[in-house]
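# Close look at the chain arrangement
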Amino acid sequence: MGSEADVTSPAVARHVAAMERVRVFPLTCVVQNYAWGKVGEDSEVARLVVNGDPLTVIEDGKPYAELWMGAHPKGDAQIKDNRVAQTTLGQWIASFPACLGSKVKDKFQGRLPFLFKVLSVNTALSIQAHPNRELAARLHAQFPQHYPDDNHKPEMAIALTHFQGLCGFRPVDQILGFLHSVPEFRALVGNEAAEELQCSVEDAVHTRLVLKNCFTRMMNCEKKVFVDQLNMLVKRVTEEGAAAKDTSSSNGDLLLRLHSQYPGDIGCFSIFFLNHIMLEPGQAMFLGANEPHAYIYGDCIECMACSDNTVRAGLTPKYIDVNTLCEMLNYSPAPAASKIFLGVPDGADPCVTVYDPPVPDFSVLRIQIPPSLPQYTISPVDSASILLVTEGHATATCATGLSEIMLRRGTVLFVSANESISLEEVSPVGVTMFRACCLL
């Protein structure tokens, strides 16, 4: 074992300095094979992975749900650069925290503050919400087996394909409409609570309290009662559909879809409380603390604070925590359109669209380079970033020593703070990339 003098020798110092000059490198990222994911090459996750590394073998019957691009302990990316001694991105950042940028390093205690993902959703994810920092710390202290860290988890989903989800409480008039047209739903909420909701519409504070009471009553309903009501509702909607009747007043198509995936689950009734969101490619939804939501189907880019804390209460075989969820939720009703989060053009670069949610942990840039541009420079930002290519290809070089590499669909790069990348030989379809970073 070397002495302290050895560690600080000129040779070691030169080696450390050389390592620090490695500022941009490709990553091999972790795939999560959750059961709700799209299967085999139907999954955009699988297609991106095999495009990025053609030696990857995709199994036909296996779900490929999430691609984790970051340094989270449950999915730390591997570094693909033989100049780098560290094996994982997390180890690299711990050794060279200056790569984060001074503001990010100081604000987030030397850690990469975000986790970047691609999701391919085949069956619905749980009815869930994410805690704020105060609640996350309390839950982690009390139940570390269910809440693995003390961080908050705001997140944003940007649609890659037509994407469906549930997000936020519907306007009260829509909920009242379902209470009138779906007797099985009203049976779970109760006549008294339903009538109180009707009387609360002129008072926003009272409305939130009554809405909380209605939702909590439904979620805590005795199992036999809600299963019987759900079975009656499914039978009625199925018969009406077979008779070519319009079942939209019961949200019939979505109900049958969720029930086929999670039969007998109380979460099936959540569709009468929560907005059904339909995103087109490029549209996003931002999910702040305590926002009830569930992804239903489609492929998306997702970025979040680096946490794995989720409070669930339905449409899942995982641990559910109904009381915590009902207490923590944001009960402010709002229309579906208000939940769609749009990127804005970057005034300095017409190729860039900025998705900048109201949290410091992350932002996402969509970079769309047309084939008419023979050269393009990916601008530096004062933050470490992770770059994913989703379409096209180009040759990339970096001023601080990135070997010339071909960026292609599925390539993932780590880019240290204040580094630019030069692209040439842009493909005939152009290049589309998504870049996660912090815009402090």
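As the structure is a prediction and not an experimental result, all values here were calculated from the model. (Residues numbered from 1 in each chain as written. Predicted model: local features only at pLDDT ≥ 70, side-chain atom pairs only at ≥ 80, totals over all residues. Heavy atoms only, no water.)

### Details of the UniProt feature "active site" (unreviewed entry) in the chain
The sites that carry the UniProt feature "active site" (unreviewed entry) are, in the present numbering, Arg-312. Relative to the helices and strands, Arg-312 resides in strand S14 (residues 311-314). Once you skip the residues sitting within four places of it in the chain, Arg-312 turns out to touch Ser-126, Ile-127, Gln-128, Lys-318, Tyr-319, Ile-320, Asp-321 and Val-322. (UniProt positions renumbered as here; feature names shortened; annotations may be inferred. Helix = DSSP H or I, 4+ residues; strand = E, 2+ residues; numbered from the N terminus. Contact = heavy atoms within 4.5 Å.)

### Some details on the UniProt feature "domain: Phosphomannose isomerase type I catalytic" (unreviewed entry) in the chain
Those places that UniProt annotates as "domain: Phosphomannose isomerase type I catalytic" (unreviewed entry) correspond, in this numbering, to residues 24-172. Regarding residues 24-172, the helix share stands at 22% and the strand share at 28%, and the terminal C-alpha atoms are separated by 50 Å.

### Side note on the side chain of Arg-186
Its place among the elements puts Arg-186 in helix H8 (residues 183-189). Arg-186 sits in the buried class, given a relative accessible area of 19%. In this view, Arg-186 contacts Leu-179, His-180, Asn-191, Ala-194 and Glu-195; residues no more than four positions away in its chain are not counted. (Buried < 20%, exposed > 50% of the residue type's maximum accessible area, 1.4 Å probe, protein only.)

### As for the nonpolar core
One finds Phe-185, Leu-197, Phe-215, Met-218, Phe-269 and Phe-273 to be the most contacted residues of the largest nonpolar core, which totals 55 residues. Leaving out residues up to four positions away in the same chain, Leu-197 has contacts with Val-172, Ile-175, Leu-176, Leu-179, Thr-207, Val-210, Leu-211 and Cys-214. Among the nonpolar cores identified, the runner-up in size contains 45 residues, and Val-49, Tyr-64, Cys-99 and Phe-108 belong to it. (Core = buried A, V, L, I, M, F, W, Y, C linked by side-chain atoms within 4.5 Å.)

### Some points on the pattern of salt bridges
Per the counting criterion, the structure on display carries 16 salt bridges. Of the charged contacts, one joins Asp-361 and Arg-133 as a salt bridge, the two residues approaching to 3.6 Å between their closest N and O atoms. Placement of Asp-361 in the loop between strand S16 (349-355) and strand S17 (363-369) and of Arg-133 in helix H6 (residues 133-142) is noted, with a sequence separation of 228 residues between them. The class for Asp-361 is buried, based on a relative accessible area of 1%. It is possible to trace a salt-bridge network through shared partners that takes in Glu-44, Arg-47 and Arg-409. (Salt bridge = Lys/Arg side-chain N within 4 Å of Asp/Glu carboxyl O.)

### Thoughts on helix H11 (residues 223-242)
In this model H11 runs 28 Å from its N-terminal to its C-terminal C-alpha over 20 residues, within 8% of the 28 Å that 1.5 Å per residue would give. Residues of H11 that are buried include every one of Phe-226, Val-227, Gln-229, Leu-230, Leu-233, Val-234, Val-237 and Glu-240, and no others. Along the axis of H11, the buried residues cluster in a sector spanning 165°; they form a single face. Exposed and facing more than 90 degrees away from the buried side of H11 are Lys-224, Lys-235 and Ala-242. Here the buried face of H11 lies against H8 and helix H12 (252-261). (Expected span 1.5 Å × (residues − 1). Arc of directions from axis to C-beta.)

### Description of the environment of Met-433
With respect to the element layout, Met-433 can be found in strand S23 (residues 431-437). For Met-433, a relative accessible area of 0% translates into the label buried. For the pair Met-433 and Val-389, spaced 44 residues apart in sequence, the C-alpha separation works out to 4.3 Å. Residues within four places of Met-433 in sequence aside, it is in contact with Leu-365, Arg-366, Ile-367, Ile-369, Ile-378, Leu-387, Leu-388, Val-389, Thr-390, Leu-407 and Leu-423.

### With respect to the pairing of strand S1 (residues 24-28)
Counting buried residues along S1, four of its five residues qualify, which places the element largely inside the surrounding structure. Strand direction decides the pairing type here: S1 and strand S6 (residues 78-79), joined by two bridges, are antiparallel. Across the sheet, Thr-28 pairs through a bridge with Gln-78, a residue of S6. (Pairing = 2+ DSSP bridges.)

### Describing the packing of aromatic side chains
Centre distance and the angle of the planes are the two values used to describe a pair of aromatic rings. Going through the model one piece at a time under the given rule, you end up with 15 aromatic pairs. Ring centres of Trp-92 and Phe-96 lie 4.5 Å apart, and the angle between their planes is 45°; this geometry places the pair in the tilted category. Looking at Trp-92, the relative accessible area reads 1%, which means it is buried. When the centroid spacing of 5.2 Å and the interplanar angle of 85° are considered together, the rings of Phe-185 and Phe-273 count as edge-to-face. (Phe/Tyr/Trp six-rings, centres within 6.5 Å; stacked < 30°, edge-to-face > 60°.)

### Brief notes about helix H10 (residues 204-219)
Taking 1.5 Å per residue as the helical rise, H10 with its 16 residues ought to reach 22 Å, and the 22 Å between its terminal C-alpha atoms agrees with that figure. Residues of H10 that are buried: Thr-207, Val-210, Leu-211, Cys-214, Phe-215, Met-218 and Met-219. The buried residues of H10 all sit within an arc of 170° when viewed along its axis, so they share a single face. Within H10, the exposed residues directed more than 90 degrees away from the buried face are Val-205 and Leu-209. Buried positions along H10 lie against strand S10 (163-169), helix H7 (172-181), H8, helix H9 (191-199), S14 and helix H13 (322-328). Between a side-chain oxygen at the N-terminus of H10 and the backbone nitrogen of Val-205 the separation is 3.1 Å; the capping residue is Asp-203. (Polar contact = N/O pair within 3.5 Å; in protein donor to acceptor, adjacent residues only side chain to side chain.)

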